[in-house]
Amino acid sequence: MPAQPLLIATRNAHKTDEIRQMLGAGYTVEDLNVRADWPDIAETALTFLGNAKLKALGISAIYDGLVLSDDSGLEVDALEGAPGVFSARFAGEKATDAENRALLLGKMCGVTVRSARFRCVMVLARGETVLGSFSGAVEGRILEEERGDHGFGYDSLFVPEGFDKTFAELPAATKNLLSHRARALEQVLAFLGNAAAG
């Protein structure tokens, strides 16, 4: 059976690589980096679901096939859920991951309640129609300093519940089993499997 083509509505190569690893050989995964002439969809919604829908529907209008979008971020309880949907641009529209982490550490200086979670919402679409939406979350805590060299985003500051290492210290295979993205993608796979069986 040939691999199923799946276009990820992102230019974030780290995110695409994670999804590719989790999906395995049954899917041919590409993202918008192979289609430089296609537009970047503005993330103007105030929820993960809203932004995921915008991206999935926007790209499915110009791509004849399955499109998967992902909007995800870090919710810190002491910051009333921030950075949330603004995680990638917490320190500004063109902020780097390092600048975002530095701002978070500054805002958390002296804060004792350090509980947080990564949340991911995925939307699957084809032909400007939403086929389904899926969500996953992983609870954890924010450290007072960065640890680890792997991962991206806020991974070096986040220790998932039940572990003593950050996402940036854990092997990719471990992170890909328990992450917010893995939990959402598990539901996507079940949905696609049921659709194929039906």
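What counts and how
Residues numbered from 1 in each chain as written. Predicted model: local features only at pLDDT ≥ 70, side-chain atom pairs only at ≥ 80, totals over all residues. Heavy atoms only, no water. Buried < 20%, exposed > 50% of the residue type's maximum accessible area, 1.4 Å probe, protein only. Helix = DSSP H or I, 4+ residues; strand = E, 2+ residues; numbered from the N terminus. Pairing = 2+ DSSP bridges. Salt bridge = Lys/Arg side-chain N within 4 Å of Asp/Glu carboxyl O. Phe/Tyr/Trp six-rings, centres within 6.5 Å; stacked < 30°, edge-to-face > 60°. Contact = heavy atoms within 4.5 Å. Axes fitted to C-alpha atoms, helices over the stretch in contact; angles between N-to-C directions. Polar contact = N/O pair within 3.5 Å; in protein donor to acceptor, adjacent residues only side chain to side chain. Expected span 1.5 Å × (residues − 1).

## Things to note about the pairing of strand β4 (residues 115-126)
Most of β4 sits inside the fold, with nine of its twelve residues counted as buried. One ladder, built from ten bridges, connects strand β3 (residues 67-76) with β4; its direction is antiparallel. Looking at the pairing, L68 lines up with L124 of β4. Here twelve bridges tie β4 to strand β5 (residues 129-142), and the two strands are oriented antiparallel to one another. Note that in β5 the partner of M122 across the bridge is F134.

## Quick notes on the pattern of salt bridges
With the rule as written, the count across this model stands at 17 salt bridges. Residue K175 pairs with E18 through a salt bridge whose shortest N-O separation is 2.5 Å. Taken as a pair, K175 in helix α4 (residues 172-178) and E18 in helix α1 (residues 13-23) lie far apart in primary sequence, 157 residues in all. Classification of K175 by relative accessible area gives buried; the value is 4%. One salt bridge in this structure joins R147 and E169, with 3.1 Å as the shortest N-O distance. With R147 in the loop between β5 and β6 (158-160) and E169 in the loop between β6 and α4, this residue pair connects regions lying 22 residues apart in the sequence. Within the structure, one salt-bridge network assembled from shared partners comprises K15, E18, D70, D155, K175 and R181.

## Quick look at the packing of aromatic side chains
In this structure the tally under the stated criterion is five aromatic pairs. Here the aromatic rings of W38 and Y63 are separated by 6.0 Å at their centres, their planes lie at 65°, and the arrangement is edge-to-face. A residue pair is termed long-range when its members are at least 10 positions apart, and W38 in the loop between β2 (27-31) and α2 (48-60) and Y63 in the loop between α2 and β3 qualify at 25 residues. Y63 shares its class with W38; the two are buried. With centroids separated by 5.4 Å and ring planes inclined at 45°, the aromatic side chains of F158 and F167 adopt a geometry described as tilted.

## Some details on the side chain of E18
On the accessibility criterion, E18 (7% relative accessible area) is buried. Here E18 is in contact with F152, K175, N176 and R181, once residues within four sequence places are set aside.

## Notes on the sheet that holds β2
Sheet strands pair by backbone hydrogen bonding; their relative direction is either parallel or antiparallel. Strand order in this open sheet of six strands is β2-β1-β3-β4-β5-β6, and the pairing throughout is mixed. The open sheet has two free edges, formed respectively by β2 and β6, since each of these has just one partner strand. Each strand of the sheet is rotated relative to its neighbour by a mean of 35°, with strand direction disregarded. Strand contacts of α1: β1 (4-8), β2, β3 and β4, with the helix running at about 175° to β2, the strand carrying the most contacts.

## Thoughts on the side chain of S87
As for its placement among the helices and strands, S87 is situated in the loop between β3 and α3 (97-107). A polar side-chain atom of S87 sits 2.9 Å from the main-chain amide nitrogen of L74. Within polar-contact distance, the side chain of S87 engages the backbone oxygen of G84 at 2.6 Å. Beyond its immediate chain neighbours, meaning those up to four positions away, S87 contacts G73, L74, N100 and Y154.

## Side note on α2
Under the 1.5 Å per step criterion, the end-to-end length of α2 is 18 Å for 13 residues, consistent within 8% with the ideal 18 Å. Burial in α2 covers these residues: F48, G50, N51, A52, K55, A56, I59 and S60. Elements that come into contact with the buried residues of α2 comprise β1, β3, β4 and β5.

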